[in-house]
Amino acid sequence: MSLVRLRRNEVLALALSTLAAAALVSAVALPFANSESSQPSGRSEMNGSLVKSYESLQAVVADSELIVLGEVAATEQRPFGHFPFTLATIEVTKVLKGSAPIHLRVLQTGGTSIPQKDGSIAEGEARYQGVPVTRPGETYLFFLRPYEGPIAANAFVVLGEFQGKLKVGKDQRIQFTGRAESLTTPEFALPLWAHDRTRAEVVHLVGQYVDKDKKDDHQ
Amino acid sequence: MPLLAGLLTLTMSLSALSAPWPNYRLNGGVGGRHFWNDPAMINPVYAGTVRDAMSTWNGVGLISFTETFSMCCDSQIDAYAMAYGNTPWYGITEFRASNGTLLQTSEAGPPIANWDFANVGLNDTYLRDPVVFDTAQKIQGIAAHEIGHALGLAHEDDPGHNCQLMDVSLVASWQTPCGTIYTPRTWDRQWAAQLP
């Protein structure tokens with residue numbers, strides 16, 4: 001068995017190969033499916049080649065230059081070229097790694113202003129891998145690195161696009177915001193792992209990994 | 001009942017791991033269609049890259065795309081290349097409906113409806129990096145991967161099907177014994193042959 005195959009098997013954990021996993025999926029998937037009906041009707045879907053795909057919390061912590069908890073204060077549409085982007089202003093409530101101002105800006109692929117062939121902009125909603133961009137009032141745990149490019153200045157991007165933003169629900173548990181079908185693919189291993197865990201638990205684990213990385217760096 | 005529905009969801013999901021997206025397709029099919037290169041690409045070399053990438057899919061099953069130079073409306077794959085900055089992706093594909101309308105909401109897997117055309121974006125910010133993309137084949141690999149999406153192929157996540165062009169981590173796979181993958185491989189071709 002190759003290393004690649006072994007890794008992928010571990011990621012999937014083949015929880016999906018057991019009836020117990022099916023029961024788990026049934027418990028978590030249906031609410032997602034039901035929630036879809038409340039979305040706007042004009043939607044577009046995006047997919048792509050990720051620079052790096054994060055399948056574990058430890059991996060995304062290690063690569064993050066900045067990890068924060070924060071509430072989305074505002075969003076601004078930044079269509080660029082022929083693709084939609086959204087710039088969110090985040091009010092930081094807790095910094096878990098790196099240093100951040102009270103407010104920072106996060107650039108995400110997708111949004112509601114969709115460039116058309118003729119150069120006009122249509123309203124709708126474009127999601128990367130089915131995961132919506134952040135909306136005002138929502139709270140997220142963000143895994144970030146600085147953005148360098150023409151779409152926004154003084155901004156950050158999310159590691160793994162949809163993988164490095166974990167939404168915190170009002171019950172202080174992590175919520176998955178994409179489609180139920182996505183949860184069984186390795187790309188969504190991290191959101192699946194995080195789903196329904198408490199914010200406190202995930203934040204604690206992030207802190208442990210940050211501390212471990214610091215120790216490793218010193219050795 | 002929730003358990004039964006969950007099992008159904010699971011079955012549908014697993015079936016989508018390693019095949020064309022099961023529920024939706026390119027309207028009009030993949031035969032006798034057109035692709036278009038944006039003449040404003042940041043580097044005209046990318047137009048040739050897209051042509052080469054498209055040629056690796058042509059002839060697989062019903063796939064037959066020729067280049068059109070008409071700016072509007074008769075292409076099913078539109079290719080763009082810009083410096084988007086260090087976004088989390090090398091390339092991107094977006095599924096669109098014609099006439100400015102967007103795809104309609106659906107509860108089934110990606111894409112969310114049949115599509116009339118797809119936009120493929122190549123991120124020059126990364127692709128011009130001579131360290132990671134030290135050969136033209138690697139850039140072609142990104143273009144061919146995105147074209148695979150545009151045709152109707154999902155990421156390949158099946159652990160039994162490594163080293164495919166549609167691998168979720170194509171660039172990472174280049175660091176493994178897979179080597180540089182820039183053309184459709186066995187499973188890619190098998191799935192592409194199923195595209196209507």
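Reading guide: rules and limits
Residues numbered from 1 in each chain as written. Chains lettered and ligands numbered in written order. Predicted model: local features only at pLDDT ≥ 70, side-chain atom pairs only at ≥ 80, totals over all residues. Heavy atoms only, no water. Helix = DSSP H or I, 4+ residues; strand = E, 2+ residues; numbered from the N terminus. Buried < 20%, exposed > 50% of the residue type's maximum accessible area, 1.4 Å probe, protein only. Contact = heavy atoms within 4.5 Å. Disulfide = S-S within 2.5 Å. pLDDT = per-residue confidence, 0-100. Polar contact = N/O pair within 3.5 Å; in protein donor to acceptor, adjacent residues only side chain to side chain. Pairing = 2+ DSSP bridges. Expected span 1.5 Å × (residues − 1). Salt bridge = Lys/Arg side-chain N within 4 Å of Asp/Glu carboxyl O.

## Digging into the overall build of chain A
Next, step 1: Summing up its helical and strand segments, chain A has five helices and 10 strands in all.
Next, step 2: In chain A, which comprises 219 residues, the proportion classed as buried is 54%.
Next, step 3: Taking the contacts inside chain A whose residues are at least 6 apart along the sequence as the reference set, 66% of them involve residues at least 24 apart.

## Some words on the state of the cysteines
Residue and element names in this part refer to chain B.
Next, step 1: Counting across every chain of the model gives one disulfide over all chains.
Next, step 2: Put simply, Cys163 and Cys178 are joined by a disulfide, and their sulfur atoms are 2.0 Å apart. Its S-S torsion of about -75 degrees marks the bond between Cys163 and Cys178 as left-handed, since a negative value means left-handed. Taken together, the residues span a long stretch of sequence, with Cys163 in the loop between α4 (136–151) and α5 (170–173) and Cys178 in the loop between α5 and α6 (186–192) at a distance of 15 residues.

## Section: the side chain of B:Asn86
Next, step 1: Mapped onto the secondary structure, B:Asn86 falls in the loop between β3 (77–82) and β4 (89–96).
Next, step 2: Assessed through its relative accessible area of 11%, B:Asn86 is described here as buried.
Next, step 3: Contacts of B:Asn86, omitting those with residues within four sequence positions, involve A:Arg145, A:Pro146, A:Tyr147, A:Glu148, A:Val157, B:Thr125 and B:Tyr126.

## Focus: the confidence of the model for chain B
Next, step 1: Predicted confidence across chain B gives a mean pLDDT of 83, with 83% of residues reaching 70 or more.
Next, step 2: Across residues 1–18 of chain B, confidence stays below pLDDT 50; counting only partners more than four residues off in sequence or on other chains, it has 29 contacts.

## A few points about the environment of B:Thr125
All names here are of chain B.
Next, step 1: Note that Thr125 resides in helix α3 (residues 124–127).
Next, step 2: For the pair formed by Thr125 and Arg51, sequence separation is 74 residues and the distance between their alpha carbons is 20 Å.
Next, step 3: What Thr125 contacts, discounting residues up to four positions off in sequence, is Met82, Ala83, Tyr84, Gly85 and Asn86.
Next, step 4: There is a polar contact of 3.4 Å between the side chain of Thr125 and the backbone nitrogen of Tyr84.

## What about the pairing of β4(B)?
Residues and elements named next belong to chain B.
Next, step 1: Among the eight residues of β4, eight are classified as buried, and the element is accordingly described as predominantly covered.
Next, step 2: Pairing between β4 and strand β5 (residues 117–123): six bridges, direction antiparallel. Paired with Phe95 across the bridge in β5 is Ala118.

## Overview of helix α2 (residues 45–57) of chain B
Residue and element names in this part refer to chain B.
Next, step 1: Under the 1.5 Å per step criterion, the end-to-end length of α2 is 19 Å for 13 residues, consistent within 8% with the ideal 18 Å.
Next, step 2: Among the residues of α2, those classed as buried are Tyr46, Ala47, Thr49, Val50, Ala53, Met54, Thr56 and Trp57.
Next, step 3: Gly59 lies just past α2 and shows a positive phi near 95 degrees.

## Overview of the pairing of strand β2 (residues 66–77) of chain A
Residue and element names in this part refer to chain A.
Next, step 1: Pairing of β2 with strand β7 (residues 139–147), which is carried by six bridges, proceeds in the antiparallel orientation. Residue pairing across strands places Leu69 opposite Leu141, the latter belonging to β7.
Next, step 2: For β2 and strand β3 (residues 85–97), the ladder comprises 10 bridges, and the chain directions are antiparallel. Across the sheet, Leu69 pairs through a bridge with Lys94, a residue of β3.

## As for the environment of A:Thr185
Next, step 1: Residue placement: A:Thr185 occurs in the loop between β10 (174–175) and α4 (189–194).
Next, step 2: Sequence separation between A:Thr185 and A:Val202 is 17 residues, and the spatial gap between their C-alpha atoms is 21 Å.

## A closer look at the pattern of salt bridges
Residue and element names in this part refer to chain A.
Next, step 1: Considering all chains together, one arrives at 12 salt bridges over all chains under this definition.
Next, step 2: Among the salt bridges present, the one from Arg127 reaches Glu125, with a minimum N-O distance of 3.1 Å.
Next, step 3: Residue classification places Arg127 among the buried residues on the basis of a relative accessible area of 1%.
Next, step 4: Glu125 sits in the buried class, given a relative accessible area of 5%.
Next, step 5: A salt bridge links Arg135 to Glu125; the nearest nitrogen and oxygen atoms lie 3.0 Å apart. With Arg135 in the loop between β6 (121–128) and β7 and Glu125 in strand β6, this pair connects stretches of sequence that are 10 residues apart.
Next, step 6: One salt-bridge network, in which partners are shared between bridges, spans Glu125, Arg127 and Arg135.

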